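Structural characterization, general
In case you want the letters, here they are:
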Amino acid sequence: MRRLLFLYVILSCCLPATAQVEQIVEHLPLDSVRAERVLAVDRYLTARYQNTAKYDTAYYARPSQSFMVRARMNVSGSEISTTGVRNGEPFNNRLVTNNRISTSFGLSYRGLSVSFSLTPDKLRGKDHSNELNLSSYNNRYGIDVAYLDSKEYFGWTDIGGQRHEFPSGIVETRLMNANAYYAFSHRRFSYPAALTQSYIQQRSAGSWLLALSLMGGQLEAKASPELGNPAFTLHIANLGIGGGYGYNWVLPQRWMIHASALPTVVVASSSRLVTDDKEERFGYSFPELILTGRVAFVHEFNDQHFASLTYVIYNTIHGTTETLRLSHTKWRLRVSYGFRF
């Protein structure tokens, strides 16, 4: 019986989506009230998915199919650079993390998506970092959040002209980057077409963007006599407001290139440095910036198959070189293949 039901569901994918859902619901062990609720939700998703009143269909449109399956390979990394003066001597540090590689698989139905991911190094016990990426892209507005908890930074430090290796395990960060945008030309320019492929851009278009950025968390360092580094904790909270521009360039042979830049100026900052014997607040030093950039390449093989490469980078510049200037960079690269049906 289970095999027959499975075969029935697979064959039903060839039917129109609404009829498909109605027929599946009829064969599920649901009473009439629950079945009607399921159908009501489906009708709502259908109406929202097919609503074309909010955009110009000459510039972008929804795919004709309702389902989408996607496989992704994700690569991400982080970097921290500091420059300043301590005890009368200039110093310069550069710390990075190893690139993290993961794979994810997702299923979407009329704009509603679920997915899961796997990190091979974490399964083998080689990766002790925790990373979380959340995004919600709409044509009018959207938000992107990236969080990283890692103590695997390594690199070098230069104090008074002498360079030393900076071993892993001394610095631990718990930092979050968040960026929200509003697209003024959202009727013609589609961010989701570039970053999630839930729309298809049919004609080139761009838009001015309003942006709000947030960077917060803490950076904690253990004492290291070899490096002359005292134990300290740096608490960071920055809020930036600004704007930028994004453009979707539609090329022949079903190619599209996206690029956008969203620089924001920090308008509110609350950062402090805590050591064993004192707590020091950071003064604001204009200009402090939070920068977000996105690049995407999308190729539609046909109406069903597509591939994409997306790159998102966050960069925060905080403080002053007279005491401490900190630059934090977080980036994520995704290569995707998707199938619509």
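That block above? That's the structure.
Let me begin by describing the structure that accompanies this report. Quick caveat: nothing in here was measured; it's all calculated off a predicted structure.

1. Details of the overall build of the protein
Counting its regular elements, the protein contains five helices and 19 strands. Taken over 341 residues, the protein has a buried fraction of 43%. When contacts within the protein are restricted to residue pairs at least 6 apart in sequence, those whose partners lie at least 24 apart make up 67%. On the protein, roughly 18,200 Å² of surface is accessible, and the fraction owed to carbon and sulfur atoms is 60%.

2. Details of the nonpolar core
Counting residues in hydrophobic clusters, the biggest one holds 22 residues, and the most contacted among them are Tyr153, Val171, Leu219, Leu234, Ile236 and Leu326. Elements represented by at least two residues in this core include exactly strand S3 (89-96), strand S10 (171-183), strand S12 (205-221), strand S13 (232-251) and strand S19 (324-340). If we ignore the near neighbours within four places in the chain, the residues touching leucine 326 are Ile80, Ser81, Thr82, Leu219, Leu234, Ile236, Thr316, Ile317 and His318. In terms of nonpolar packing, the next biggest core, distinct from the first, is built from 19 residues, Tyr55, Ala183, Ala211 and Leu262 among them.

3. A closer look at the side chain of glutamate 152
The residue glutamate 152 is located in the loop between strand S7 (141-150) and strand S8 (154-159) in this model. Nearest to the buried, unbridged glutamate 152 among oppositely charged side chains is arginine 100, at 6.3 Å.

4. A short note on the pairing of strand S2 (residues 67-86)
Relative to strand S4 (residues 100-109), S2 runs antiparallel, the two sharing 10 bridges. The partner of alanine 71 across the bridge, within S4, is phenylalanine 105. Relative to S19, S2 runs antiparallel, the two sharing 17 bridges. Paired with threonine 82 across the strands is leucine 326, a residue of S19. Relative to S3, S2 is paired through eight bridges, and the arrangement is antiparallel. Looking at the pairing, threonine 82 lines up with asparagine 93 of S3. Where S2 hands over to S3, the hairpin turn is made up of two residues, of which asparagine 87 adopts a positive phi near 55 degrees.

5. Looking at the pairing of S12
Two elements, S10 and S12, share 13 bridges in a ladder whose sense is antiparallel. Paired with tyrosine 182 across the strands is leucine 210, a residue of S12. With 17 bridges joining them, S12 and S13 adopt antiparallel strand pairing. Counterpart to glycine 206 in the pairing with S13 is tyrosine 247.

The rules we used
Residues numbered from 1 in each chain as written. Predicted model: local features only at pLDDT ≥ 70, side-chain atom pairs only at ≥ 80, totals over all residues. Heavy atoms only, no water. Helix = DSSP H or I, 4+ residues; strand = E, 2+ residues; numbered from the N terminus. Buried < 20%, exposed > 50% of the residue type's maximum accessible area, 1.4 Å probe, protein only. Contact = heavy atoms within 4.5 Å. Areas by Shrake-Rupley, 256 points an atom, 1.4 Å probe, with all protein chains shown as cover. Core = buried A, V, L, I, M, F, W, Y, C linked by side-chain atoms within 4.5 Å. Lys, Arg positive; Asp, Glu negative; His and termini not counted. Salt bridge = Lys/Arg side-chain N within 4 Å of Asp/Glu carboxyl O. Pairing = 2+ DSSP bridges.

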